[in-house]
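Survey of secondary and tertiary structure
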Amino acid sequence: MARALPRMNFNRSRLVRSLSGLSLVDVAPSNLSLAERLAQCLSVSDAIALFAALSPGAARSTAARSGAVSAVEEEFARVQRALADGITGSEGGRARIAFPTPAADASAEALGDFSPYRRYYQAQQREMAARIAPLRAATREVLAKGSPALKQLAAVDAAFDQALRERERDSLAAVPLLLERHFDQLRKEQASIETQPTGDQPGGWLARFGRDLQDLLLAELELRLLPVMGLIEAYRSEIVSSNE
């Protein structure tokens with residue numbers, strides 16, 4: 001049996017909440033509607049592509065195969081689990097991308113070097129992009145074989161994916177930069193303490209930083225998976241509606 005998908009929250013992502021909680025971004029309430037905010041993200045040519053995808057009228061089909069949506073749910077769960085395990089090291093106690101761990105006798109200068117963590121975070125971002133892009137494309141292919149409404153949704157998602165891909169990449173590329181600010185802040189706070197624990201002690205500033213970094217990666221994973229979750233929920237909703 002496919003595991004239930006987590007409930008989505010489109011109003012404010014976990015990544016934004018995490019960054020705000022670390023005081024790395026200032027989240028101000030917006031008076032713009034969703035349509036207005038989306039319009040700011042799209043160029044004229046992008047908007048034309050979206051309009052073309054939305055134009056054909058389509059009646060909702062009452063025929064849907066629950067086996068197909070179960071298969072994509074299972075694949076979604078598999079990819080999500082693999083990526084999360086790669087971040088937390090849960091799978092067999094080892095992560096595919098090794099987390100940078102300073103040597104026990106590392107100097108203060110070495111402990112204060114953020115570059116290994118930047119490389120680690122960026123490697124995790126590349127891994128997420130490489131695994132989620134084909135998952136999203138495969139999910140669209142399944143929807144495109146369904147009802148006219150689902151086929152239309154797949155076309156809209158493809159247009160959104162193309163229109164927002166570059167903006168998403170640039171926005172997420174800023175997360176390691178924000179994380180470096182947090183790293184420096186923790187390091188400076190630690191330096192101001194008269195009795196300083198070493199970087200690898202439980203409760204030390206590097207241990208706290210590692211937990212915060214992991215939380216941001218898991219939040220980013222959730223954000224990257226939202227479009228796929230939306231497609232699957234739409235497919236599942238149509239099946240439920242057709243059976244009523």
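Residues numbered from 1 in each chain as written. Predicted model: local features only at pLDDT ≥ 70, side-chain atom pairs only at ≥ 80, totals over all residues. Heavy atoms only, no water.

Considerations on the environment of Q125
As for its placement among the helices and strands, Q125 is situated in helix α6 (residues 115–144). Along the primary structure Q125 and R224 are separated by 99 residues, whereas in three dimensions their C-alpha atoms are 9.9 Å apart. When near neighbours in sequence (up to four residues on either side) are disregarded, Q125 contacts L172, A173, P176, E220 and R224. (Helix = DSSP H or I, 4+ residues; strand = E, 2+ residues; numbered from the N terminus. Contact = heavy atoms within 4.5 Å.)

Comments concerning the confidence of the model for the chain
Across the chain, the average pLDDT comes to 77, with 65% of residues at 70 or higher. Mean pLDDT values over the elements of the chain span from 48, in helix α2 (residues 34–41), up to 95, in α6. Low pLDDT, under 50, characterises residues 29–38; the stretch is placed with six contacts to residues that sit more than four places away or in other chains. (pLDDT = per-residue confidence, 0-100.)

What about the packing of aromatic side chains?
Evaluated as defined, the whole model comprises nine aromatic pairs. Relative to Y117, the ring of F99 lies with its centre 5.8 Å away and its plane at 55°, an arrangement referred to as tilted. With F99 in the loop between α4 (66–88) and α5 (108–111) and Y117 in helix α6, this residue pair connects regions lying 18 residues apart in the sequence. For Y117, a relative accessible area of 4% gives the class buried. Taking the centre distance of 5.0 Å and the plane angle of 75° together, the rings of F183 and F209 count as edge-to-face. Remark: F209 occurs in helix α9 (residues 205–242) and F183 occurs in helix α8 (residues 175–191); sequence separation between them is 26 residues. (Phe/Tyr/Trp six-rings, centres within 6.5 Å; stacked < 30°, edge-to-face > 60°. Buried < 20%, exposed > 50% of the residue type's maximum accessible area, 1.4 Å probe, protein only.)

Comments concerning the nonpolar core
The biggest cluster of nonpolar side chains holds 41 residues, and the ones touching the most others in it are F209 and L213. Counting residues per element, the ones that place at least two in this core are α4, α6, α7 (148–173), α8 and α9. The element that contributes the greatest number of residues to this core is α9, accounting for 16 residues. Setting aside chain neighbours within four positions, we find F209 in contact with F114, Y117, L179, H182, F183 and L186. (Core = buried A, V, L, I, M, F, W, Y, C linked by side-chain atoms within 4.5 Å.)

With respect to the environment of I239
Locating I239 in the fold gives a position in helix α9. Along the sequence, I239 and V69 sit 170 residues apart, while their C-alpha atoms lie 8.9 Å from each other.

What to know about the pattern of salt bridges
With the rule as written, the count across this model stands at twelve salt bridges. The salt bridge partner of E73 is R236, with a shortest N-O separation of 3.2 Å. Of the two residues, E73 sits in helix α4 while R236 sits in helix α9, which places them 163 residues apart along the sequence. A relative accessible area of 27% means that R236 is categorised as partly exposed. For R165, the salt bridge goes to D161, with nearest N and O atoms at 3.7 Å. Linking R165 with D161, this pair stays in helix α7, spanning four residues, or about one helical turn. When its relative accessible area of 45% is taken as the criterion, R165 is described as partly exposed. Residues joined by salt bridges that share partners form a network here, namely R136, R140, D157, D161 and R165. (Salt bridge = Lys/Arg side-chain N within 4 Å of Asp/Glu carboxyl O.)

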